[in-house]
Structure formats: C-alpha cells, structure tokens
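Residues per chain are reported as follows:
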Amino acid sequence: MKKLKIKEIVEITKGELVKGNLQEEVINFCKDTRIIKQGDTYIGIKGENFDGNKLWKEALEKGATTVIIQDMKLTEELQEYKDKNIIVVKDTIKAISDIAKYKRSLYGKEFPVVGITGSVGKTSTKDIIASVVSKKYKTLKTQGNNNNNIGLPFTIFNLDDHEAAVIEMGMNHFGEISELTKIAKPSVSVITNIGTSHIGNLGSRENILKAKLEILEGMDKKILVINNDNDLLHDFYLKNNDIEIHTYGIENESEVYAEDVILNENSSEFICNLQGERFKVIVPVGGIHFVYNALCAVMVGNLLGLDISQIKEGIEGFELTKKRMDITELENGMTIINDSYNASFESMQASLTYLGKLKCKRKIAVLGDMFELGEYSKELHEKVGKEVVKNNIDILICNGKNAKYIIEAAKKEGMNEKDTLYFENKEDIEAFIKQNCKTGDNILFKASNGMKFFEIAEKLVTSLNMV
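> Any chance you could explain the overall build of the protein chain here in plain terms?
A count of helical and extended segments in the protein chain gives 16 helices and 22 strands. Over its C-alpha atoms the protein chain spans a radius of gyration of 24 Å, differing by no more than 12% from the 23 Å that the globule rule assigns to 467 residues. Taken over the C-alpha atoms alone, the protein chain extends approximately 70 × 55 × 45 Å along its principal axes. Counting across all 467 residues of the protein chain, residues that qualify as buried make up 56%. Counting only contacts in the protein chain whose residues sit at least 6 apart along the sequence, the fraction spanning at least 24 positions is 64%. Of the roughly 20,600 Å² that the protein chain leaves accessible, carbon and sulfur atoms contribute 45%.

> So what exactly am I meant to see when it comes to helix α10 (residues 288–303) here?
Two residues of an α-helix separated by three or four positions point the same way, owing to the 3.6 residues in each turn. In a regular helix each residue adds 1.5 Å, so 16 residues correspond to 22 Å; α10 covers 23 Å between its end C-alpha atoms and thus fits that length. The buried fraction of α10 amounts to 12 of the 16 residues, a majority that puts the element mostly inside the structure. Within α10, the full set of buried residues consists of Phe 290, Val 291, Tyr 292, Asn 293, Ala 294, Leu 295, Cys 296, Ala 297, Val 298, Met 299, Val 300 and Gly 301. Phi turns positive, to about 85 degrees, at Gly 305, one or two residues after α10.

> When you look at the pairing of strand β18 (residues 335–338) in this model, what are you seeing that I'm missing?
Across the two faces of β18 the burial is the same, with Thr 335 and Ile 337 and Ile 336 and Asn 338 all buried. Across 4 bridges, the pairing between strand β17 (residues 326–329) and β18 is antiparallel. The residue bridging Glu 329 from the neighbouring strand is Thr 335, located in β18. Hairpin geometry of β17 and β18 is characterised by an intervening segment of 5 residues between the two adjacent antiparallel strands and by a positive phi of about 95 degrees at Gly 333. Note that β18 and strand β22 (residues 441–446) share 4 bridges and pair parallel. In the sheet register, Ile 337 faces β22, and the bridge partner there is Leu 444.

> Explanation requested: the sheet that holds strand β2 (residues 16–19) in the structure shown.
The strands that make up a sheet pair up through hydrogen bonds in the backbone, lying either parallel or antiparallel. The strand order β2-β7-β6-β5-β4 describes an open sheet built from 5 strands, whose pairing is mixed. Across the chains shown, the open sheet's two edge strands, defined by having one partner strand only, are β2 and β4 (29–30). Direction of pairing for strand β6 (residues 66–70) relative to strand β7 (residues 85–89): parallel, over a ladder of 5 bridges. Among the inter-strand pairings, Thr 66 is bridged to a residue of β7, identified as Asn 85. Most of the contacts of helix α1 (residues 6–13) go to β7, to which it runs at about 10 degrees, and overall it touches β2, β4, β6 and β7. Along the sheet face, helix α3 (residues 92–105) touches β4, β5 (41–43), β6 and β7 and points at about 130 degrees away from the line of β6.

> Where do I start with the side chain of Asn 399 in this structure?
Considering the arrangement of structural elements, one finds Asn 399 in strand β20 (residues 395–399). Overall, Asn 399 belongs to the buried group, its relative accessible area being 8%. Among the polar contacts listed, one links the side chain of Asn 399 to the backbone oxygen of Phe 423, at a separation of 3.0 Å. Among the polar contacts listed, one links the side chain of Asn 399 to the backbone oxygen of Glu 424, at a separation of 3.2 Å.

About the cut-offs
Residues numbered from 1 in each chain as written. Predicted model: local features only at pLDDT ≥ 70, side-chain atom pairs only at ≥ 80, totals over all residues. Heavy atoms only, no water. Helix = DSSP H or I, 4+ residues; strand = E, 2+ residues; numbered from the N terminus. Rg over C-alpha atoms; globule rule 2.2 N^0.38 Å. Buried < 20%, exposed > 50% of the residue type's maximum accessible area, 1.4 Å probe, protein only. Contact = heavy atoms within 4.5 Å. Areas by Shrake-Rupley, 256 points an atom, 1.4 Å probe, with all protein chains shown as cover. Expected span 1.5 Å × (residues − 1). Pairing = 2+ DSSP bridges. Axes fitted to C-alpha atoms, helices over the stretch in contact; angles between N-to-C directions. Polar contact = N/O pair within 3.5 Å; in protein donor to acceptor, adjacent residues only side chain to side chain.

This is the structure:
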C-alpha cells in the first residue's frame, strides 16, 4: 500500500497549505460531497454549470480530512478546522493529473498496466481483459466509463495493494489520449478498432487513428495489441515495424485468431489458435464483437504470462459493465436488450447484427441519435437504416433529430411503413411498448448516452417485472 502525505501533495501540485499537517497521510480521494466518507480527501472540480470548489466546507463537515480547492481566497475564520488540511492550488484539474502521475510512479515501470482505447468496444474489452488478468494478479480496473481527464486520475488514485491495472482511455479531440497515457504509463496498449465515433470533431477516420495512436506516447517500451481485421489498423501493422505489434482477428492472418466460431443467442464459442496452440473458448455474451474482445484478452493474457487455463477461466467468468448488452428476460416473456450507453455506426451495426440473429417472435429496434458525427451525421444515420433492413428487423422505433434519417433509409430499403415508428419523446416509446409488445419479442435499445434511452429500458424492466 503506497499512501501519499500532505507534504507530497503540496509539492506535486505547487499548492499552498492554508491549514493542516504536512505529515498527515492522504487515504481516499472523492469529488462528490454526496458520497464523501470519513477521512476522505475532497477535490473541488469546476465544471461548465457547477463549481465543486464552493462545497469545501460541506465536505469537511461530512467527514473529509483534507480538501484541495482551486484558486480561492479563504477569508473565513479557519479555527474551527484545526484538525483539517486545506490546500489551495491554481487548477484542480491539473492538480489531479499531477497527483495521479506521481501515484502511478510509485508502482514502478515493471507494474503491469494495460491501456485500452478504440472507437467502440473499449469498456467491454476492458471488462474481459480485467477478468483475465485478475486470474493471476490482483487487478484494478476502470469503473464504468471513467476514461477521461478526470475519471482516469481518480482510477489511479484507487491503486492500493494491486499487482496490475487495466485502464480505459477515451477521447473527443487530439491531445486527450496523449495526456491520459502519460498518467497511466501502460506497459501494454490495446486499440480495439478505428471507426467513426467523434468523426465530427476529428474530420476523418485517418485522424481518429492518429489520435488513438497517441496512447504510445506514454509507453517506455511500445507494445501494441490491435484488431487486425480493422482496415486502418491492419494497414498500420503492415507499414510499421519499429514498434512491437501483436495482432488478433478472424479474417486476416493474426497471432491469435478464432476458428469454428459458433454464435448462440446469449453466448459464443470458438477454437482459439494462439501461435499454433488450439483450445476451445466459451464467451458468456452473444455477438461476434465479443469474440473479438475475447481474442484480445487471450493476446493480452499471453503477453502478461498467464497460462491457457487462467485465460479461459477469465473469459468464461467475465461480467459486462451495465448498459452494455444488458439482457433482461421479463415476466411477460419479453426480452429487453439495454445497449444504450453509447452509439456509433459500428456499434449500431454490431448490435443490429446480434438482434438479427436471435430466434424470437419479433425483433424490435429502438434507436436514437448518434452524437459528434458532424457533417457525416446524415450519411451514417442512413447507413444504420440500411443495417436495420439488412438484419430483418421487424419493427423500427426512433426518437431524435437525426434518427429520422434512420427511418427514411429503412423505408427506401423496402421496410414497410407501418413497421417504422417515430416518437417525439421517450414517454411515448415506453407507452407504445407496454401496449403493443408481446411474449417472445426481443427489444434492443441503442443510442448515444445523451439520449438517455437507458431510462426507457430500466423503467420497462421495473414496470413489467423482472424474472
């Protein structure tokens, strides 16, 4: 266990200790006064609509021992906080980055860190890799989607007696992965794929690849694991021999690949070929994209020295972060597939392919807007509509400004107009499903997180009773 002291925090952040004890230890970091615990260190974060720095007194009153706040003039009488530590810094966002870099450095270069990025599949790949790695090492992993310039440092703060970490890294613009990887210092990096997420910000898939490759900047020895079936990553692999690249795939010849793939409704199985050694793998989630996730986990597990039995056990026992292919069978015989955390064309395509292969009474897709697509928005929503028809979806339900293009394209591809429905609000979607859906229907919810389709799915699960 490697704890920090107030003295180190002050030195790292170039802050001012307004009041407190330089030798006192910092245990747990928190940025939310609603969940603060006794002995926590509270860090005030200033957002667009909220300034957590103003809640420093509330944090202390709720049990925080230390507060780190931003560029505030403290004129209040501080005598009542005689047993507390109050640190003022110029910028708390920079401070958490600096503290996290220092905390990571305490674990040394030999500490295994797997960094994961990609256009889609980061979180599910993180989940399965962490499950595998944990069969040999006590493993810290990113919780939920805490993969940005605030979430990643707070993940690093949780390092305790761990022996490895699996860290997810997200981005919207150039330079963001660069900063995150310099905090996490991965020993192995993974790029799951290069798709169209955030193409509105970055302008092209080639630029998205360039932004994702920033993950290499934080590595002392560059070891990269890639999906070799992704066109841009495959091309990068063929053209670059100055870094250590390991490949996984199904279509292109790779270091680890899948043979005899069998896709079931709620699971998949395949023969894994790892550099000539063949063994059966069972994935407890349906969909070909989870076969790719499993292959990635095999490659990473092998690089970190796990044996095949450990790798198989990790894959077969992994659990997904909620809202990602969260499948619930209801008491009335319907099935809700809540995959509503995020959406890009590639993830929409994968979810619709999964839905299309299910053996059920009716396949119903409830789809919403995909965000941050810029000038490509209309085109990519239309491509989703074509995927709806391609996968023989029985009923298409949409909500959102750009989701209208999904319906238009589906109709052009021949989908019956009576089977395409557009609703102005989520409440009407919920009401329609309650009134019209039947035993044996499988209903997929998919949209960008800001559409909050998970609210519809969760309300239906509650109101229609979970088995």
